[in-house]
Amino acid sequence: MAKALGQHSYLFLENFIGGKFVPCRSHIDSYDPSTGEVYCKVPDSGREEVEAAVAAAKDAFPDWSARSPEQRAQVLNKLADLMEAHLEEFAQAESRDQGKTVAFARTVDIPRSAYNFRFFASSVLHHTTECSQMDHIGCLNYTVRCPVGVAGLISPWNLPLYLLTWKIAPAIAAGNTVVAKPSEMTSVTAWMLCKLMQEAGVPPGVVNIIFGTGPRAGDALVGHPDVPLVSFTGSTATAQRVTERSAPYCKKLSLELGGKNPAIIFADADLDNCIETTVRSSFSNQGEICLCTSRIYVERSIYSEFLERFVAASKKWKTGVPSDPGNNNGALISKEHLEKVRSFVALAKCEGGVVHCGEGVDQLDLPEQNKSGYFMPATVISGVSDSSRVMQEEIFGPVTCVSPFDTEDEAVSKGNGVRYGLAATVWSRDVGKVHRVAKRIQAGLVWTNCWLVRDLNLPFGGMKNSGVGREGGKDSYHFFTEVKSVTIQH
Ligand code: NAD
């Protein structure tokens, strides 16, 4: 709801507990990244609000978990229908709240958010369990799967509704009830989703959404004894805290974390497709996708040609006002994040790196009202050593580094030479090489000659510091259910 405070009118969000909107006593400022102005007040929830939400979710669990998968699927499909009917409103809101372009929200975030419900509504109907015979001792063994209870769901700011629904949908499809906490920086579309719950037929208490910061609301949720499983997407640093906090309760944890994703480009690659896709994989959504490419290793014989063409293509990747359909990128999430991303470019320069385009090289032409927005142009750097923080740490912005390699072994070792292991792309026309490298790369997802092609049935997740566990059709079902082995002697 919009409320006036002094001369300003702000959007005030409320928690959604037990099927009702519940006002909160204190609020956090939420900024429009494209102007740098506060436009929304997000509840600053803590232990008390989380307690109420967990209690509502516990009350709703017996009835919801007793429904048939078909009955639950019907509700999920209805939610998807309603989201699609309100697609444009959601897209505009996501863009304003996050800084991304309206076009990206309209074609990626919101359609995928609706599809998450549709996908899990369908996939929950198709799971089967195992059975084994021990006829020699007259025994039959089989497994059953049961929903776990109240699921705690915590999501980040980069793909707000997309990643939140990627958790809510499989959790409730499997019969759990949930308490979700979106990022305090991007809460608006989650709040809009709550408004559709009743019409979709989601019973009160099945989906509860608590708004607030990680250290207060998030921590209270992770540490709640009646929340036996937590699905978390965010940074590796926060995941360490989540792991420690949930350890005393032996909670089931799914952790989807950061990446420092390599592209490995061999001399025989289809360069037209490779360059076009690698520009996209480096800079889409302002480079704020965990799967974005940030280290590009190119076989030395084509290195100069690649760099020249790649820089030329990156210069055409336009950054500006999010509502302008001519722009590829909008604004970064916050002033602090923009400063962090810029600091990596400054560090690269200090270390002798060359900034070919973007930050400090190209000027953005922004309208007056967007001059204080958090914009940064697509930036390409070369000449940075593999051990530099620029090549080791997740920057999570429109910055990508290019570096040469000589042999296949060297490419694999460079690709694997970071603590992360989320995604990689491999570019070559040689089928044997593609298979060899894909197998040796330490990453949960390897795309060869493409990027971000997703079949939601397949496992999604990271190795090393990029995560624990996998999400996807079967994997999410396994996470959101407990399996039990039953032996019958007859
Ligand atoms: P973050 O870790 O700061 O926050 C993520 C969520 O955790 C937010 O909702 C935040 O409020 C909450 N949180 C913070 N401290 C907490 C605490 N002590 N206890 C409980 N919850 C807490 O991450 P971010 O900056 O919002 O998101 C960016 C990060 O997310 C990047 O590292 C990115 O790579 C990662 N990410 C990973 C995936 C994936 O699928 N692997 C997808 C998207 C983003």
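Rules used throughout
Residues numbered from 1 in each chain as written. Predicted model: local features only at pLDDT ≥ 70, side-chain atom pairs only at ≥ 80, totals over all residues. Heavy atoms only, no water. Near = heavy atom within 4 Å. Polar contact = N/O pair within 3.5 Å; in protein donor to acceptor, adjacent residues only side chain to side chain. Helix = DSSP H or I, 4+ residues; strand = E, 2+ residues; numbered from the N terminus. Domains from an automatic or database assignment. Buried < 20%, exposed > 50% of the residue type's maximum accessible area, 1.4 Å probe, protein only. Contact = heavy atoms within 4.5 Å. Pairing = 2+ DSSP bridges. Axes fitted to C-alpha atoms, helices over the stretch in contact; angles between N-to-C directions. Buried area = accessible area lost by both parts, 1.4 Å probe. Salt bridge = Lys/Arg side-chain N within 4 Å of Asp/Glu carboxyl O. Nonpolar A, V, L, I, M, F, W, Y, C, P; charged D, E, K, R; others polar. UniProt positions renumbered as here; feature names shortened; annotations may be inferred. Phe/Tyr/Trp six-rings, centres within 6.5 Å; stacked < 30°, edge-to-face > 60°. Lys NZ or Arg CZ within 6 Å of the ring centre and 35° of its normal.

### Considerations on the site of the ligand
Step number 1: In the vicinity of the ligand, 27 residues are found, and the nearest of them are Glu 184, Ser 235, Thr 238, Leu 257 and Glu 394.
Step number 2: Here Gly 214 contributes a backbone N or O atom positioned 3.2 Å from an oxygen atom of the ligand.
Step number 3: One of the side-chain nitrogen or oxygen atoms of Glu 394 is found 2.5 Å away from an oxygen atom of the ligand.
Step number 4: Going through the elements one at a time, α7 (214-222), β12 (229-233) and α8 (236-246) are the ones with two or more residues in the shell around the ligand.
Step number 5: Here the element with the most residues in the shell around the ligand is α7; it accounts for three residues.
Step number 6: Looking at which domains feed residues into the shell around the ligand, each of domain 1 (11-257 + 466-489) and domain 2 (261-448) supplies at least three.

### Looking at the side chain of Ser 476
Step number 1: As for its placement among the helices and strands, Ser 476 is situated in helix α15 (residues 473-479).
Step number 2: In this structure Ser 476 comes out as buried when scored by relative accessible area, which is 2%.
Step number 3: Non-local contacts of Ser 476, meaning those with residues more than four positions away in its chain, are made with Phe 120, Pro 170, Arg 470 and Glu 471.

### A look at the sheet that holds strand β24 (residues 481-489)
Strand pairing in a sheet relies on backbone hydrogen bonds, with the paired strands running either antiparallel or parallel.
Step number 1: Sheet architecture is open: three strands sit in the order β7-β8-β24, paired in antiparallel fashion. In the strand order of this sheet, the two ends are held by β7 (131-134) and β24, each with one partner. Averaged over neighbouring strand pairs, the angle between their axes works out to 20° when direction is ignored.
Step number 2: Summarising the sheet, β7 and strand β8 (residues 139-147) pair through four bridges and their orientation is antiparallel. By the bridge assignment for β8, Cys 131 is matched with Tyr 142.

### Here's the deal with the domain arrangement of the protein
Step number 1: Per the domain assignment, the segments of the protein are domain 1 (11-257 + 466-489) and domain 2 (261-448).
Step number 2: Averaged C-alpha coordinates put domain 1 and domain 2 at centres separated by 31 Å.
Step number 3: Interface area for domain 1 against domain 2, summed over the two sides, is near 1,900 Å², with a carbon-plus-sulfur share of 58%.
Step number 4: Linking domain 1 to domain 2 there are zero salt bridges.
Step number 5: The interface formed by domain 1 and domain 2 holds 10 residue pairs in polar contact (both at pLDDT 80 or more) in total.
Step number 6: Secondary-structure elements contributing two or more residues to the side of domain 1 that touches domain 2 are α3 (87-98) and α4 (102-123).
Step number 7: Ranked by residues supplied to the side of domain 1 that touches domain 2, first place goes to α3 with three residues.
Step number 8: Here the residues of the side of domain 1 that touches domain 2 are counted per class, giving eight nonpolar, 11 polar and three charged.

### Some words on the environment of Lys 100
Step number 1: Residue position: Lys 100 is located in the loop between α3 and α4.
Step number 2: Classification of Lys 100 as buried rests on a relative accessible area of 0%.
Step number 3: Along the backbone, Lys 100 and Leu 332 are 232 residues apart, and their C-alpha atoms lie at a distance of 7.5 Å.
Step number 4: Residues contacting Lys 100, with those up to four places away along its chain left out, are Glu 94, Ser 95, Ala 105, Asp 109, Asn 158, Leu 159, Pro 160, Asn 285, Gln 286, Pro 322 and Ala 331.

### Remarks on the UniProt feature "domain: Aldehyde dehydrogenase" (unreviewed entry) in the protein
Step number 1: Annotation from UniProt places "domain: Aldehyde dehydrogenase" (unreviewed entry) at residues 26-486.
Step number 2: The distance separating the terminal C-alpha atoms of residues 26-486 is 50 Å; by composition the span is 42% helix and 21% strand.

### Section: the sheet that holds strand β14 (residues 261-265)
Step number 1: The seven strands lie next to each other as β16-β17-β18-β15-β14-β20-β21, forming an open sheet whose pairing is mixed. Each edge of the open sheet carries a strand with a single partner, namely β16 (354-357) and β21 (445-448). The average undirected angle you get between the axes of adjacent strands in this sheet is 25°.
Step number 2: Taken together, the five bridges between strand β15 (residues 293-299) and strand β18 (residues 399-405) define a ladder with parallel strand orientation. Its bridge partner being in β18, Val 298 is matched across the sheet by Pro 404.
Step number 3: Sheet strands in contact with helix α11 (residues 335-350) are β16, β17 (379-382) and β18, and its direction is about 30° off that of β17.

### Structural notes on the UniProt feature "active site" (unreviewed entry) in the protein
Step number 1: Taking the UniProt record as the reference, the feature "active site" (unreviewed entry) is found at Glu 256.
Step number 2: If you trace the backbone, Glu 256 turns up in strand β13 (residues 252-256).
Step number 3: The buried category is assigned to Glu 256, whose relative accessible area is 3%.

### A closer look at the packing of aromatic side chains
Step number 1: In this structure the tally under the stated criterion is nine aromatic pairs.
Step number 2: Centre to centre, the rings of Phe 16 and Phe 21 are 5.1 Å apart; their planes meet at 55°, and the pair counts as tilted.
Step number 3: Relative accessible area serves as the criterion here: at 5%, Phe 16 is assigned to the buried category.
Step number 4: The exposure class assigned to Phe 21 is partly exposed, which follows from its relative accessible area of 32%.
Step number 5: Consider the rings of Phe 266 and Phe 405, whose centres lie 5.4 Å apart with planes at 80°: the pair is edge-to-face. Pair noted here: Phe 266 is in the loop between β14 and α9 (271-283) and Phe 405 is in strand β18, with a separation of 139 residues, a long-range link.
Step number 6: In this structure Phe 405 comes out as buried when scored by relative accessible area, which is 0%.
Step number 7: Among the aromatic side chains, those forming a connected cluster through ring pairs are Tyr 115, Phe 119, Phe 120 and Trp 166.
Step number 8: Directly above the aromatic system of Trp 166 lies the positively charged group of Arg 112, at a separation of 4.9 Å from the ring centroid.

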